[in-house]
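Listed below are the residues making up each chain.
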Amino acid sequence: MTTKRVLIIDDDPGICKIVQIALKALTKWEVWTANSGCQGAELAQALHPDAILLDVMMPGMDGLSTLTALKTNPETCPIPVIFLTAKANMQDYCKNQAIAGMILKPFKASDLLQQIRSLLDWQE
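Please read all numbers here as calculations on a predicted model, not as lab measurements.

**Details of unusual backbone geometry**
Geometrically, the link from Lys105 to Pro106 is a cis peptide bond, its omega value of -5° lying close to zero. Phi is positive for His48, close to 50°, though the residue is something other than glycine. As for its position among the elements, His48 is in the loop between helix 2 (37-47) and strand 3 (51-54). Note on His48: relative accessible area 35%, which makes it partly exposed. One non-glycine residue with positive phi stands out, namely Asp121, at about 55°. With respect to the secondary-structure elements, Asp121 resides in the segment after helix 5 (109-120).

**Brief notes about helix 2**
Residues spaced three or four apart along an α-helix face the same direction, because each turn holds 3.6 residues. Buried within helix 2 we find Gly37, Gly40, Ala41 and Ala44. Projected down its long axis, helix 2 carries its buried residues within an arc of 100°, all on one side. Across from the buried face of helix 2, at angles greater than 90 degrees, the exposed residues are Glu42 and Ala46. Contacts made by the buried residues of helix 2 are with strand 1 (5-9), strand 2 (30-34), strand 3 and helix 3 (63-72). Once helix 2 ends, the next one or two residues include His48, with phi positive near 50°.

**Points about the pattern of salt bridges**
Going through the model one piece at a time under the given rule, you end up with 3 salt bridges. When the shortest N-O distance is used, the salt bridge between Asp10 and Lys105 registers 2.7 Å. Here Asp10 is found in the loop between strand 1 and helix 1 (13-26), whereas its partner Lys105 is found in the loop between strand 5 (101-104) and helix 5, with 95 residues between them in sequence. Accessibility classification places Asp10 together with Lys105 in one group, the buried group. Between Asp55 and Lys105 there is a salt bridge, and its shortest N-O distance comes to 3.3 Å. Here Asp55 is found in the loop between strand 3 and helix 3, whereas its partner Lys105 is found in the loop between strand 5 and helix 5, with 50 residues between them in sequence. For the pair shown, Asp55 and Lys105 are each scored as buried.

**Concerning the environment of Asp62**
Considering the arrangement of structural elements, one finds Asp62 in the loop between strand 3 and helix 3. Between the C-alpha atoms of Asp62 and Ile9, which are 53 residues apart in sequence, the distance is 10 Å. A polar contact is formed between the side chain of Asp62 and the backbone nitrogen of Leu64, at a distance of 3.3 Å.

**What to know about the sheet that holds strand 3**
With parallel pairing, 5 strands are arranged side by side in an open sheet as 2-1-3-4-5. In the strand order of this sheet, the two ends are held by strand 2 and strand 5, each with one partner. The average undirected angle you get between the axes of adjacent strands in this sheet is 20°. In the sheet, strand 4 (residues 81-85) pairs with strand 5 via 4 bridges, with the strands oriented parallel. In the sheet register, Thr85 faces strand 5, and the bridge partner there is Leu104. Here helix 1 sits on the sheet and contacts strand 1, strand 2, strand 3 and strand 4; the angle it forms with strand 2, its principal contact strand, is near 175°. Of the strands in this sheet, strand 3, strand 4 and strand 5 are in contact with helix 5, which crosses strand 5 at around 165°.

The rules behind these values
- Residues numbered from 1 in each chain as written.
- Predicted model: local features only at pLDDT ≥ 70, side-chain atom pairs only at ≥ 80, totals over all residues.
- Heavy atoms only, no water.
- Helix = DSSP H or I, 4+ residues; strand = E, 2+ residues; numbered from the N terminus.
- Buried < 20%, exposed > 50% of the residue type's maximum accessible area, 1.4 Å probe, protein only.
- Arc of directions from axis to C-beta.
- Contact = heavy atoms within 4.5 Å.
- Salt bridge = Lys/Arg side-chain N within 4 Å of Asp/Glu carboxyl O.
- Polar contact = N/O pair within 3.5 Å; in protein donor to acceptor, adjacent residues only side chain to side chain.
- Pairing = 2+ DSSP bridges.
- Axes fitted to C-alpha atoms, helices over the stretch in contact; angles between N-to-C directions.

Have a look at this one:
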């Protein structure tokens, strides 16, 4: 079984750190972080993660713009993206977009792993 690789794109360093620590404590996954949409898109192209957790509300290049950049790039298009957001009204938007799902903030770190596995159908 190969080690999963996850990229977290969120402008809040605290969220990035919490998610990174939670996933690394519970799995053997490689977890990278980016603090902007632009940096995240560049890292996704360079690292080819197995999944991306993407914040929607970020300054500059927001999550929707980042998603567009990821899905229009042939190298990053196949990577499943999960929105990690406080915007509960994104549910309808998510149904019409090429994303794997949505995890609402605030979230319980203990539930995060199961939510990711469920959305991506990852069995371990």
